Amino acid sequence: MSQLKNDRYLRALQCQPTDYTPIWMMRQAGRYLPEYRQLRAKSGNFMTMCQTPELACEATLQPLKRFDLDAAIIFSDILTIPDAMGFGLYFGASEGPKFTKSISCLSDIKQLPIPDPMQSLKYVMDAISLTKKELNGKVPLIGFSGSPWTLATYMIEGGSSKTFTKIKKMLYDEPQALHLLLEKLAHSVALYLNAQIQSGAQSIMIFDTWGGVLSHQSYQTFSLDYMQLVLSQLKQGKKSEDITSYIPVTLFTKGGGLWLDSIINTGCDAVGVDWTVNLSQITQKGKIAVQGNLEPCVLYAGKQVIESNVEVVLNEFGHHNGHIFNLGHGIQQDIPVESVQHLIEAVHRQSKRFHHD
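Cut-offs used in this document
Throughout this document, residue positions are counted from 1 along each chain, in the order its sequence is written. In keeping with the model being predicted, local features are shown solely for residues with a pLDDT of at least 70 and side-chain atom pairs are shown and tallied solely at 80 or more, while totals for entire chains, interfaces and linings include all residues. Excluded from the side-chain calculation are hydrogens and water; included are all heavy atoms of the structure. In this text, buried Ala, Val, Leu, Ile, Met, Phe, Trp, Tyr and Cys residues form a nonpolar core when linked through side-chain atoms within 4.5 Å. For every residue, the accessible area (1.4 Å probe, protein chains only) is compared with the maximum for its type, and the residue is labelled buried under 20%, exposed over 50%, or partly exposed between those bounds. Helix and strand definitions here come from DSSP, where helices need a minimum of 4 consecutive H or I residues and strands a minimum of 2 consecutive E residues; each element is numbered from the N-terminal end. Any pair of residues with heavy atoms lying within 4.5 Å of one another is described as a contacting pair. Pairing of aromatic side chains here covers Phe, Tyr and the six-membered ring of Trp, requires ring centres within 6.5 Å, and sorts the geometry by plane angle: under 30 degrees stacked, over 60 edge-to-face, intermediate tilted. Look at NZ for Lys and CZ for Arg. If either is within 6 Å of the ring centre and within 35 degrees of the ring normal, a charge sits over the ring. When DSSP finds two or more bridges between a pair of strands, those strands are recorded as paired. A 1.4 Å probe that fits but cannot get out identifies a cavity on a 1 Å grid over protein atoms alone, an open set with protein on both sides within 12 Å along at least five of seven lines counts as a pocket, and a residue lines either if it has an atom within 4 Å of a point. Grid points are joined across faces, edges and corners, and a volume is the space filled by probe spheres set on the points. Under the grouping applied here, Gly and all other residues not named as nonpolar or charged are polar, the nonpolar ones being Ala, Val, Leu, Ile, Met, Phe, Trp, Tyr, Cys and Pro and the charged ones Asp, Glu, Lys and Arg. One side-chain nitrogen of Lys or Arg within 4 Å of one carboxyl oxygen of Asp or Glu is enough to make a salt bridge. Here a helix's expected span is defined as the number of its residues, less one, multiplied by 1.5 Å.

### Looking at the nonpolar core
Next, step 1: With 128 residues, the main nonpolar core has Leu-178, Leu-181 and Leu-343 as its most contacted residues.
Next, step 2: Ranked by residue count, the leading element in this core is helix H10 (residues 175-199), at 12 residues.
Next, step 3: Not counting residues within four places of it along the chain, the set of residues in contact with Leu-181 comprises Ile-103, Ile-109, Leu-112, Ala-152, Met-155 and Ile-156.

### A word on the packing of aromatic side chains
Next, step 1: By the definition in use, this model includes eight aromatic pairs.
Next, step 2: Taking the centre distance of 5.7 Å and the plane angle of 55 degrees together, the rings of Tyr-36 and Phe-75 count as tilted. Taken together, the residues span a long stretch of sequence, with Tyr-36 in helix H2 (residues 34-43) and Phe-75 in the loop between strand E1 (72-73) and helix H5 (80-87) at a distance of 39 residues.
Next, step 3: Members of the aromatic cluster, joined through ring pairs, are Tyr-36, Phe-46, Phe-75 and Phe-91.
Next, step 4: Over the ring of Phe-87 we find Lys-101; its NZ or CZ atom is 5.0 Å from the centre of that ring.

### Section: the sheet that holds strand E5 (residues 203-208)
Next, step 1: Read from one edge to the other, the open sheet built from seven strands follows the order E1-E4-E5-E6-E7-E8-E9, with strand pairing classed as parallel. Only two strands of the sheet have a single partner each, and these edge strands are E1 and strand E9 (323-324).
Next, step 2: Two strands pair when backbone bridges link them, and strand E4 (residues 141-146) and E5 are joined in this way by five bridges, in the parallel orientation. In the sheet register, Ile-142 faces E5, and the bridge partner there is Ser-203.

### Let's talk about empty space enclosed by the protein
Next, step 1: All chains considered together, the criterion is met by one cavity of 30 Å³ or more.
Next, step 2: Taken as a whole, the largest cavity spans an internal volume of roughly 40 Å³.
Next, step 3: Forming the boundary of the largest cavity are Thr-21, Leu-314, Phe-317, Gly-318, His-320, His-323, Phe-354 and His-355.
Next, step 4: Per-class residue counts for the lining of the largest cavity are three nonpolar, five polar and no charged.

### What to know about the pairing of E4
Next, step 1: Summarising burial for E4: six of the six residues are buried, a large majority.
Next, step 2: Both faces of E4 are covered, namely the face carrying Leu-141, Gly-143 and Ser-145 and the face carrying Ile-142, Phe-144 and Gly-146.
Next, step 3: Pairing analysis gives two bridges linking E1 to E4, with the strands arranged parallel. Bridge pairing in E4 places Ala-72 opposite Leu-141.

### Here we look at the pattern of salt bridges
Next, step 1: Under the defined criterion, the tally for this structure stands at five salt bridges.
Next, step 2: Asp-19 serves as the salt-bridge partner of Arg-8, at 2.5 Å between the closest nitrogen and oxygen. One end of the pair, Arg-8, is in helix H1 (residues 8-13); the other, Asp-19, is in the loop between H1 and H2, with 11 residues separating them in the sequence.
Next, step 3: Taking the relative accessible area as the measure of exposure, Asp-19 reaches 32% and is therefore partly exposed.

### Re H10
Next, step 1: For H10, built from 25 residues, the straight-helix expectation of 36 Å at 1.5 Å per residue is met to within 8% by its first-to-last C-alpha distance of 36 Å.
Next, step 2: Most of H10 sits inside the fold, with 18 of its 25 residues counted as buried.
Next, step 3: Gly-200 sits one or two residues past H10 and shows a positive phi near 130 degrees.

Distances and angles like these do not, on their own, reveal function.
So this is what it looks like as structure tokens:
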């Protein structure tokens, strides 16, 4: 049986009963924590933290030492795969991620290597192994990657974008080139996530941060089909009485509320939703797990506002198994720490009436 002291998150992912709704937060290891800011200042830069297993482990564990969270997520970045392909990931002062090179044509794509995760991404595997050991069964550890489409957007745009004109130009003008890139990325993501599972990750999340910028037809063809391709290659194990023998997978498309039924039909174990989705309208609750979906900016408000918004989310999901409480996207860096504490306490306290374990 499970050696986990707290397996509520894994149980919820498999739509099994829990005594309260588990909670973790996207970007829970991050800049809103003063201890994180100290660690980053000491390490010099973000990539050094990612590529030094001891620092990544420390950052992963920081929120767990402060809060009663139900899962840990390995401290890393969604863009480690393009970096391992030679794109030179870096973060400018107060800027988003950037690459020293970008893709502009088919020949660039044909030359791309598929990284061996146990070589060029071994630092992630070492961080997972070390963190799993340090957690000592306290809570499950989540591994993750960016989706093929999201990785492709950064690789073609050269960094963040507001308009995504370069990748959309390729999508409409040279679709076969983009399909080749997405296929290579899907195989790379699958290898990477399987290596994370082998290293000790107990759950996997695929972040499709930019899927929501696609048209209805393009989303299925250029984003969801390639997440499905990743899913088909993952070594998830088998469900059994030991809750840890199976590795559940969560797909999260920011801005993907219109396509929830299609996402659910991929065979994923859980669907992540942002704050634009009304949980009461998800018809397959109880059959598939749902992660979400508090608007992060609620945490700027006082305790009463946090309490009432937690109540709304819990009421929308209702008396079903399979809810993982989370924010609709990552936590903002200037959110008060006390608000996070209150959120976690409110979710645990209020959600008990929805469970009969």
